[in-house]
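Observations on the model geometry
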Amino acid sequence: MRNRNEKESLISKVRRLLYRYRHAWVLSYCLLYMPWFAYLEKTVTTKFHIITMPFDLSIPFCEYFVIPYLLWFAYVACAVLYFFFKDRNDYYRLCAFLFTGMTVFLIVSTIYPNGHYLRPSELTADNWCKKAVIWLYQADTATNLFPSIHVYNSLGVHIAVTHSKWFRNRKGAKAASFALCTSIILSTMFLKQHSVFDVMTAFGMALIMYYFIYSQAYQRIMAYIRLGLEQKRQRDVAHDFRM
């Protein structure tokens, strides 16, 4: 009898945990994005439209920007996880912003294969930053570039931070986010990972998505969705009670 009660208690705890973090389903988007992006990386290799602007040639290569460039992964992941546990509404808005832009990027890269030849022709591994850049170049091809997801997602994270009530009075955190966001954006050009055109199109897409995700219209839509979910939850509870 005791074992049975313990088993039921464990099942109940698991159910509560799954219900509490049911918004994790949004992250299943990665199951779409990663295979699609991997396919593009393998197929878009030589036949592509060259993306270059005259200003690109005026930007010098600087290997030290590999530090903020690689910090991008932690910047985005930590933001998603923070809002996942802290504020479901901020989490949904951030994911909607990020994943919509990432989908647009995949569609653009599929319809209009693109790349550039801005990378240094020779790179000597005489310091650890250059070694990191060489590794980066080997892991990430100079194709599928615009809009730059490094730039777009960095903007998305910083916008989420500045619009969150949890950071309203945390000026230091917002300043740090701005500094990291800015350095990541610059790194895409100084490492010759992206053209200025990629950065400009990322800003343009971010501006459009900002209007849709952080406007009053979006707030009303989310309010209706939350109301519907709450009403469904109340009906489910009432049904369970009658059973």
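Before reading further, recall that the structure is shown in the block above.
My aim in this report is to walk through the structure given alongside it, one point at a time. (Residues numbered from 1 in each chain as written. Predicted model: local features only at pLDDT ≥ 70, side-chain atom pairs only at ≥ 80, totals over all residues. Heavy atoms only, no water.)

The next thing to look at is the packing of aromatic side chains. Two aromatic rings, taken as a pair, are described by how far apart their centres are and by the angle between their planes. In this structure the tally under the stated criterion is 21 aromatic pairs. On the basis of an interplanar angle of 15 degrees and a centroid distance of 4.8 Å, the ring pair of Phe-97 and Tyr-152 is categorised as stacked. Highlighted residues: Phe-97 in helix α4 (residues 88-111) and Tyr-152 in helix α6 (residues 149-163), separated in sequence by 55 residues. You'll find Phe-97 and Tyr-152 in the same group, each marked buried. One aromatic cluster is present, built from ring pairs that chain together Tyr-21, Phe-84, Phe-85, Tyr-91 and Tyr-92. For the cation-ring pair, Lys-86 lies above Trp-166, with the distance from its terminal atom to the ring centre recorded as 4.4 Å. (Phe/Tyr/Trp six-rings, centres within 6.5 Å; stacked < 30°, edge-to-face > 60°. Helix = DSSP H or I, 4+ residues; strand = E, 2+ residues; numbered from the N terminus. Buried < 20%, exposed > 50% of the residue type's maximum accessible area, 1.4 Å probe, protein only. Lys NZ or Arg CZ within 6 Å of the ring centre and 35° of its normal.)

Moving on to the pattern of salt bridges. Enumeration over the complete set of coordinates arrives at two salt bridges. With a shortest N-O distance of 3.1 Å, Arg-93 and Asp-90 are connected by a salt bridge. Pair noted here: Arg-93 and Asp-90 are both in helix α4, with a separation of three residues, about one helical turn. On the basis of relative accessible area, Arg-93 is assigned to the buried category, the value being 7%. Linking Lys-130 and Asp-126 is a salt bridge whose minimum nitrogen-to-oxygen distance equals 3.4 Å. A relative accessible area of 16% means that Lys-130 is categorised as buried. (Salt bridge = Lys/Arg side-chain N within 4 Å of Asp/Glu carboxyl O.)

With that settled, consider the packing of α6 against helix α8 (residues 196-213). Where α6 meets α8, the axes come as close as 9 Å, and the angle between the chain directions of the two elements is 35 degrees. Of the two elements, α6 crosses α8, and the hand of that crossing is right-handed. Where α6 approaches α8, its residues Val-151, Tyr-152, Leu-155, Ile-159 and His-163 are matched on the opposing element by Val-199, Ala-202, Phe-203, Met-205, Ala-206, Met-209 and Tyr-210. In terms of residue class, the contact of α6 with α8 is built from 11 nonpolar, one polar and no charged. (Axes fitted to C-alpha atoms, helices over the stretch in contact; angles between N-to-C directions. Left-handed = near helix turned anticlockwise from the far one by under 90°. Contact = heavy atoms within 4.5 Å. Nonpolar A, V, L, I, M, F, W, Y, C, P; charged D, E, K, R; others polar.)

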